[in-house]
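Structural features, examined
Spelled out, the chains give:
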Amino acid sequence: MNKHLNELIELSKIDRAIDSYTPQLETANKKVAKIEKKINTAQAELDTLNANIVENDARVKTFEEQLTLLNEQLVSNAKKSKDITTEKEMKALSLEEDIAKEKMTFANEEIERLQNINETTKSLLDDASEKVNALTAEYTAMNEVVSVERAEIEKSKGKLFVEREKLSRDLEQKVLAFYEKIRIWAGNTAVVPVKKQACYGCYMKLNDKTYSEVIKADEICNCPHCGRILYIESVTAEA
């Protein structure tokens with residue numbers, strides 16, 4: 001077999017082995033990301049509950065301030081009533097008092113309603129907080145496991161990169177550049193075997209002349225259909 005072809009086959013195998021770790025890394029990262037997404041959702045729920053409590057407290061405070069003003073108005077009207085001399089003034093003052101009392105009733109009802117809502121929300125807040133804490137603990141544990149997985153994968157990839165670097169240095173640069181050019185579009189199928197007289201990259205059948213050249217393996221042969229580098233693993237396997 002052509003020396004360069006043999007080197008390209010080995011280089012292709014290393015590249016496939018390196019890239020085979022990518023799905024493993026993605027799977028490991030997804031485990032962490034899945035829990036992280038749950039934490040973000042739970043935290044958003046917790047933040048919403050807290051925001052609702054703060055908002056309701058602010059509204060309660062506004063109604064309490066309104067009650068103070070209305071109460072002051074009633075006290076003031078009581079003093080004014082002593083100086084009223086006409087029926088028209090009495091009716092006007094009475095109307096003001098009725099409106100003030102209605103506003104006070106509404107304010108008291110709203111204060112009670114908002115405080116009840118906050119009591120319920122606070123009980124939900126405890127559950128939401130516990131959920132966030134539980135998920136955070138789960139995330140920490142999972143992250144530790146995944147970190148070990150990542151380290152092992154990176155260690156294995158590192159060894160392969162060392163092998164690739166050594167092989168790349170030994171390869172004739174023109175041949176390496178040719179391989180890398182094909183790999184840009186073909187990925188890890190830049191070098192593929194021929195089986196049953198077909199390219200195992202595009203699965204198109206080779207003509208007899210090309211097939212014969214691949215079997216001889218005196219030179220680097222490309223698939224006439226897709227351009228991938230071809231080799232045959234054994235003549236007996238093709239029989």
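Just so you know, these numbers come straight off a predicted model, no measurement behind them.

Quick look at the side chain of Gln-197
With respect to the helices and strands, Gln-197 occurs in the loop between β1 (191-195) and β2 (198-199). Residue Gln-197 is classed as buried on the basis of its relative accessible area, which comes to 15%. Side chain to side chain, Gln-197 and Asp-208 meet in a polar contact 2.9 Å long.

A short note on the pairing of β1
Here β1 lies mainly inside the structure; four of its five residues are buried. Relative to β2, β1 runs antiparallel, the two being bridged by two bridges. Bridging across to β2, Val-194 finds its partner in Cys-199. Between β1 and β2, which pair antiparallel one after the other, the connecting turn spans two residues, and Lys-196 there sits at a positive phi close to 55°.

Focus: the sheet that holds strand β3 (residues 221-222)
Judged by pairing direction, the sheet is mixed, and its four strands sit side by side in the order β2-β1-β4-β3 without closing on themselves. Looking at which strands have only one partner, the edges of the open sheet turn out to be β2 and β3. Two strands pair when backbone bridges link them, and β3 and strand β4 (residues 229-231) are joined in this way by two bridges, in the antiparallel orientation. Bridging across to β4, Cys-221 finds its partner in Leu-230. Strand contacts of helix α4 (residues 173-186): β1, β3 and β4, with the helix running at about 105° to β4, the strand carrying the most contacts.

Reading guide: rules and limits
Residues numbered from 1 in each chain as written. Predicted model: local features only at pLDDT ≥ 70, side-chain atom pairs only at ≥ 80, totals over all residues. Heavy atoms only, no water. Helix = DSSP H or I, 4+ residues; strand = E, 2+ residues; numbered from the N terminus. Buried < 20%, exposed > 50% of the residue type's maximum accessible area, 1.4 Å probe, protein only. Polar contact = N/O pair within 3.5 Å; in protein donor to acceptor, adjacent residues only side chain to side chain. Pairing = 2+ DSSP bridges. Contact = heavy atoms within 4.5 Å. Axes fitted to C-alpha atoms, helices over the stretch in contact; angles between N-to-C directions.

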